[in-house]
Amino acid sequence: MTVSTFLAPRRRIRGRRAQALAAALTTAALAAAPVPAAAADGGDPAGAKPTVVLVHGAFADASGWNGVVERLKRHGYQVTVPANPLRGLAGDSAYLADVLKTIKGPIVLAGHSYGGAVIGDAAAGNPNVKSLVYVSAFMPDKGERLADLGTKFAGSDLNTALKPVPSLGSDGKEGTDLYIRSEKFHDVFAADVPSDTAAALAAAQHPISGAAFMEKATAAAWRTIPSWALVATRDKAIAPDLERFEAKRATSHTVEVDSSHAAMISHPDVVADLIRQAAGDRTPPDSPMAPTGTSTVVLASLGALAGVSILTGAGLVAAARRRRATDSGTGTAL
């Protein structure tokens, strides 16, 4: 038996071992790669996501949610941002409740500031609302008035910054609209927003009827629906200690952010991620260093294939060297 004949079966055995090792590495790499949430559930990625409804508060409009909307849409969510009339808690809540009835499937309902009081009333009794998100918001219990909640803790400068303007309601009754004085708006409402942006927000602010702060909440949906809350630690419109008190009372999943009252404008990533948590989203939070979903699987697969190629190439090179050594009469290594 020649040396080359003796070595041939051993080369085949080593080739099989290399192939087995490469296959094992490929399997391990693919198993380690995270599976997109919708795929893991076996459902349609678009159909598996709830509709997100965002409700603005006083002195603002729907555009304040723009940064959050952009991020949620990037993750495949359908988003609705209805106009909040700001005319009174009962009427505003009834209006939002009607909007919610037009939406099919599960809903994540988020409210900022006064919008938190509105969602707490509007969501009551709607089985499609699966979670509530409060962003530096009022969270009144049934029978509570915002005027009373607002003075429960020190830390708010809102009352001294308000500008009352006489108004006439659609029923002909005289009332009062409330604005934040333009020179106070930046400090009280949006201290961590660029000054030119804050000036534009102040100029375009939507007033709220003073009567809205005097109405009693008729429901508190957070008592029966899971809730998430963002506490803005530099909020001067709603005292941060009030936000903490409300979130603790509601047993909300709570995050604290070094933010002004306008957290959805100054920290849209954090707010969008909190809403995604409330939606049950298992993909990583927004980050330039964190590829998500299919891209991670593709990268892992490419890495595994590259490993197979390296192992296969190394095996071929070694086999060629042994063959040359055998042909020259010097190759005897096993």
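Throughout what follows, the structure given in this document is the object of discussion. Computed from a predicted structure; not experimentally measured. (Residues numbered from 1 in each chain as written. Predicted model: local features only at pLDDT ≥ 70, side-chain atom pairs only at ≥ 80, totals over all residues. Heavy atoms only, no water.)

## Remarks on helix H10 (residues 240-249)
At step 1: Listed in full, the buried residues belonging to H10 are Pro240, Leu242, Glu243, Glu246 and Ala247. Mapping the buried residues of H10 onto a view down its axis gives an arc of 160 degrees, with all of them on the same face. (Buried < 20%, exposed > 50% of the residue type's maximum accessible area, 1.4 Å probe, protein only. Helix = DSSP H or I, 4+ residues; strand = E, 2+ residues; numbered from the N terminus. Arc of directions from axis to C-beta.)

## Focus: the environment of histidine 56
At step 1: Among the structural elements, histidine 56 can be located in the loop between strand S1 (51-55) and helix H3 (66-74).
At step 2: When its relative accessible area of 3% is taken as the criterion, histidine 56 is described as buried.
At step 3: Through-space distance from the C-alpha of histidine 56 to that of glycine 115 is 5.3 Å; in sequence the pair is 59 residues apart.
At step 4: For histidine 56, the contacting residues outside a window of four places in its chain are Asp61, Ala62, Trp65, Pro82, Ala83, Asn84, Leu86, His112 and Gly115.
At step 5: Reaching out from histidine 56, the side chain makes a polar contact with the backbone oxygen of alanine 60 at a distance of 3.4 Å.
At step 6: Only 2.9 Å separates the side chain of histidine 56 from the backbone nitrogen of asparagine 84, close enough to count as a polar contact. (Contact = heavy atoms within 4.5 Å. Polar contact = N/O pair within 3.5 Å; in protein donor to acceptor, adjacent residues only side chain to side chain.)

## Section: the sheet that holds strand S5 (residues 162-168)
Sheets are built from strands paired through backbone hydrogen bonds, the pairs being either parallel or antiparallel.
At step 1: The strand order S5-S6-S7 describes an open sheet built from three strands, whose pairing is antiparallel. Across the chains shown, the open sheet's two edge strands, defined by having one partner strand only, are S5 and strand S7 (208-209).
At step 2: Summarising the sheet, S5 and strand S6 (residues 174-180) pair through seven bridges and their orientation is antiparallel. Within S6, the residue paired with leucine 168 across the bridge is glutamate 174. (Pairing = 2+ DSSP bridges.)

## Quick word on the pattern of salt bridges
At step 1: Applying the stated criterion to the full structure yields 15 salt bridges.
At step 2: Glutamate 70 is the partner of arginine 74 in a salt bridge, and the nearest nitrogen-oxygen pair spans 3.5 Å. Taken together, the residues arginine 74 and glutamate 70, both in helix H3 and four residues apart, mark about one turn of the helix.
At step 3: Note on arginine 74: relative accessible area 51%, which makes it exposed.
At step 4: Here aspartate 141 ties to arginine 223 by a salt bridge, and the two come within 2.6 Å at their closest N and O atoms. Separated by 82 residues along the polypeptide, aspartate 141 in the loop between strand S4 (129-137) and helix H6 (146-150) and arginine 223 in the loop between S7 and strand S8 (227-232) bring together distant segments of the chain. (Salt bridge = Lys/Arg side-chain N within 4 Å of Asp/Glu carboxyl O.)

## Re the packing of aromatic side chains
At step 1: Counting across every chain of the model gives two aromatic pairs.
At step 2: Centroid distance phenylalanine 153 to phenylalanine 245: 5.6 Å. Interplanar angle 45 degrees. Geometry classified as tilted. Here phenylalanine 245 lies in helix H10 and phenylalanine 153 lies in the loop between H6 and helix H7 (158-161), a separation of 92 residues in the sequence.
At step 3: The ring centre of tyrosine 77 lies 4.5 Å from the NZ or CZ of lysine 49, which sits over that ring.
At step 4: The aromatic ring of phenylalanine 245 is capped on one face by lysine 152, whose charged end is 5.1 Å from the ring centroid. (Phe/Tyr/Trp six-rings, centres within 6.5 Å; stacked < 30°, edge-to-face > 60°. Lys NZ or Arg CZ within 6 Å of the ring centre and 35° of its normal.)

## Topic: empty space enclosed by the protein
At step 1: This structure, assessed with the given rule, holds four cavities of 30 Å³ or more.
At step 2: Of the pockets and cavities examined, the largest cavity occupies roughly 50 Å³.
At step 3: Lining the largest cavity, in full, are Ala58, Phe59, Ser113, Tyr114, Phe138, Leu158, Phe189, Phe213, Ala237, Ile238 and His261.
At step 4: In terms of residue class, the lining of the largest cavity is made up of nine nonpolar, two polar and no charged.
At step 5: Size it by volume and the second largest cavity reaches roughly 40 Å³.
At step 6: Tyr134, Val135, Ser136, Ala137, Met139, Ala229, Leu230, Val231, Glu243, Glu246 and Ala247 together form the lining of the second largest cavity.
At step 7: Per-element tally for the lining of the second largest cavity: the top contributor is S4, with four residues. (1 Å grid on protein atoms, 1.4 Å probe; cavity = no way out; pocket = protein on both sides within 12 Å on 5 of 7 lines; lining within 4 Å. Points joined across faces, edges and corners; volume = space filled by probe spheres on them. Nonpolar A, V, L, I, M, F, W, Y, C, P; charged D, E, K, R; others polar.)

## Quick look at the side chain of asparagine 126
At step 1: Residue placement: asparagine 126 occurs in the loop between helix H5 (114-122) and S4.
At step 2: Overall, asparagine 126 belongs to the buried group, its relative accessible area being 15%.
At step 3: Non-local contacts of asparagine 126, meaning those with residues more than four positions away in its chain, are made with Leu100 and Lys101.

## A short note on the nonpolar core
At step 1: Ranked by size, the top nonpolar core spans 55 residues in total, and within it Phe59, Leu96, Leu109, Tyr114, Leu132 and Ile208 carry the most contacts.
At step 2: Excluding its chain neighbours within four sequence positions, the residues that come into contact with leucine 132 are Leu109, Ile119, Ala123, Ala221, Trp222, Ile225, Pro226, Ser227 and Trp228.
At step 3: Ranked by size, the runner-up nonpolar core spans 23 residues in total, among them Trp65, Ala110, Trp228 and Ala263. (Core = buried A, V, L, I, M, F, W, Y, C linked by side-chain atoms within 4.5 Å.)

## Comments concerning the packing of helix H4 (residues 89-101) against H5
At step 1: Packing of H4 against H5 brings their axes to within 8 Å, and their N-to-C directions diverge by 60 degrees. Relative to H5, the element H4 is oriented oblique. Crossing of H4 over H5 shows right-handed handedness. On the side of H4, the interface is formed by Leu89, Asp92, Ser93, Leu96, Ala97 and Leu100, while H5 contributes Tyr114, Ala117, Val118, Ile119, Asp121 and Ala122. (Axes fitted to C-alpha atoms, helices over the stretch in contact; angles between N-to-C directions. Parallel < 35°, antiparallel > 145°, perpendicular 65-115°, else oblique. Left-handed = near helix turned anticlockwise from the far one by under 90°.)

## Here we look at the pairing of strand S3 (residues 107-113)
At step 1: Burial of S3 is extensive: seven of the seven residues sit out of reach of the surface.
At step 2: As defined by bridge partners, S3 adjoins S4 across seven bridges and the pair is classed as parallel. Paired with isoleucine 107 across the bridge in S4 is valine 129.
At step 3: In this view, the connection linking S3 to its parallel neighbour S4 by way of H5 has right-handed handedness. (Right-handed = clockwise from strand over helix to strand, strands pointing away.)

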